[in-house]
Amino acid sequence: MKLNGYSVMVDDQAKALRFYTEILGFQKKHDIPLGEHNWITVVSPEDPDGTELGLEPDAHPAAKTFKAAMVEDGIPFTSFAVQNIAAEHERLESLGVRFTQPPVDYGTVITAVFDDTCGNLIQIAQETPES
Amino acid sequence: MDDLYRAIADPTRRTILDELVKRDGQSLFELCGRLTMNHGIGSSRQAISQHLEVLESAGLVKVKREGRYKFHWFNGEPLKSISKRWPAN
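Source: prediction; values computed, not measured. Sequence order sets the numbering: in each chain, residues are counted from 1 along the sequence as written. Naming scheme: in the order in which they are written, chains are lettered from A and ligands are numbered from 1. Totals for whole chains, interfaces and linings use all residues, but because this is a predicted model, local features are given only for residues with pLDDT of at least 70 and pairs of side-chain atoms are given and counted only at 80 or more. Side-chain descriptors were evaluated using all non-hydrogen atoms of the structure, hydrogens and water having been removed beforehand.

Caption draft 1: Examining the sheet that holds strand S3 (residues 37-43) of chain A more closely. All names here are of chain A. A strand pair is defined by DSSP finding two or more bridges across the two strands. In DSSP terms, a helix is any run of H or I states spanning at least four residues, a strand is any run of E spanning at least two, and both are numbered starting from the N terminus. Spatial ordering of the open sheet is given by S1-S4-S3-S2, a layout of 4 strands whose pairing is mixed. Both outer strands of the open sheet, strand S1 (5-10) and strand S2 (27-34), are each paired with one neighbouring strand and no more. Across the sheet, the axes of successive neighbouring strands diverge by a mean angle of 25 degrees, strand direction being ignored. Relative to strand S4 (residues 52-57), S3 runs antiparallel, the two sharing 2 bridges. Within S4, the residue paired with valine 42 across the bridge is leucine 53. By definition in these notes, contact holds between two residues if any of their heavy atoms fall within 4.5 Å. Axes here mean lines fitted to C-alpha atoms, for a helix over just the part in contact, with angles spanning 0 to 180 degrees between N-to-C directions. Along the sheet, helix H1 (residues 13-23) makes contact with S1, S2, S3 and S4, crossing S4 at roughly 150 degrees.

Caption draft 2: Representation of a nonpolar patch on the surface in the model. Distance thresholds for patches are 9 Å for like charges and 5 Å for nonpolar side chains (Val, Leu, Ile, Met, Phe, Trp, Tyr), applied to residues having over 30% relative accessible area and no salt bridge. A 1.4 Å probe and the Shrake-Rupley method give the accessible areas. Residues count as covered only by the protein chains that appear here. Salt bridge criterion: a side-chain nitrogen from Lys or Arg within 4 Å of a carboxyl oxygen from Asp or Glu. A grouping of Ile32(A), Leu34(A) and Trp39(A) is seen on the molecular surface, where their side chains present a nonpolar patch of about 280 Å² in accessible area. Tracing the backbone through its elements, the reader meets Ile32(A) in strand S2.

Caption draft 3: Seen up close, the interface of chain A and chain B. Facing the 18 residues of chain A at the interface are 16 residues of chain B. In terms of surface lost to chain B, no three residues of chain A exceed Glu72(A), Asp73(A) and Tyr106(A), which account for 36% of the buried area on that side. Where chain A packs against chain B, one counts 3 salt bridges. Linking Arg68(B) and Asp115(A) is a salt bridge whose minimum nitrogen-to-oxygen distance equals 2.8 Å. In protein, a polar contact requires one atom able to donate a hydrogen and another able to accept it; more generally it is a pair of N or O atoms within 3.5 Å, and residues adjacent in sequence count only if both atoms are side-chain atoms. Where chain A meets chain B, there are 8 residue pairs in polar contact (both at pLDDT 80 or more). Elements with a contribution of two residues or more to the side of chain A that touches chain B: helix H2 (61-72), strand S6 (99-105), strand S7 (109-115) and strand S8 (121-127) of chain A. Ranked by the residues each element gives to the side of chain A that touches chain B, the list is headed by S6(A), at 4 residues. Side-chain classes are defined by residue name, with Ala, Val, Leu, Ile, Met, Phe, Trp, Tyr, Cys and Pro counting as nonpolar, Asp, Glu, Lys and Arg as charged, and the others, Gly among them, as polar. Class assignment of the residues belonging to the side of chain A that touches chain B gives a composition of 9 nonpolar, 5 polar and 4 charged. Summed over both partners, the accessible surface that disappears when two parts come together, traced with a 1.4 Å probe, is what is meant by buried area.

Caption draft 4: Structural detail: the pattern of salt bridges. Residues and elements named next belong to chain B. Applying the stated criterion across every chain, the model contains 12 salt bridges over all chains. A salt bridge links glutamate 19 to lysine 22; the nearest nitrogen and oxygen atoms lie 2.8 Å apart. One end of the pair is glutamate 19 and the other is lysine 22, both in helix H2 (residues 11-22) and 3 residues apart, which spans about a single turn. Glutamate 30 is the salt-bridge partner of arginine 23, the closest N and O atoms lying 2.7 Å from each other. Working definition: with a 1.4 Å probe on protein chains only, accessible area under 20% of the residue-type maximum means buried, over 50% means exposed, and in between means partly exposed. Its relative accessible area of 22% is what places arginine 23 among the partly exposed residues.

Caption draft 5: Seen up close, the side chain of Asn120(A). Residue and element names in this part refer to chain A. Here asparagine 120 shows up in the loop between S7 and S8. Engagement of the side chain of asparagine 120 in a polar contact is seen with the backbone oxygen of methionine 9, the distance being 2.9 Å. Residues contacting asparagine 120, with those up to four places away along its chain left out, are Val8, Met9, Val10, Lys67, Val71, Phe77, Phe114 and Asp115.

Caption draft 6: Summary view of the pairing of strand S5 (residues 78-81) of chain A. All names here are of chain A. Side-chain alternation along S5 places Thr78 and Phe80 on a buried face and Ser79 and Ala81 on a face that remains uncovered. The pairing of S5 with S8 spans 4 bridges and is classified as parallel. Paired with serine 79 across the strands is glutamine 123, a residue of S8.

Here is the structure:
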């Protein structure tokens, strides 16, 4: 068994696809109509054959309540790895992305948290090997 | 006044204030991260949330909502009553 995909629950799949590709810089891998919604996944251009991120509709009534509670307390739904968090933070802010936590240095890792505009907070993390 | 002394009597609550002085306006998530990573305080989010309520009732923390987010801000104003009561010089 291996992990090949995971997902975030988004309030609008088309908007999410734009944000995750045009702003974050992922690439669309699948976009297949499945009844009311689409099956959409994106991949990192650094690893196009790697783990896929699904942009799943948050249509279940409990999903919105859960997401709102997480966002209120600043809790990210998931985390992405970045090479240079300072540059990424600056780049995303210049594109209008709202950070609820600017980069905070914990010694072995620097993390920041932003709003994906689809009802989730997302953490980015840069590992900083001890020198 | 009793609320104020009770609030600052607890070491975890004093550390929460330390971290807010370092960077004001933090989410619960960021505060918990800082307490764990910088101080080895492994209390649950619920426990930290309760500490924040005590600090808030003493007036030392202000909670402000910004849209869907909730941030915590340090307010040192109530501490003036201590030095007013017992002047340092």
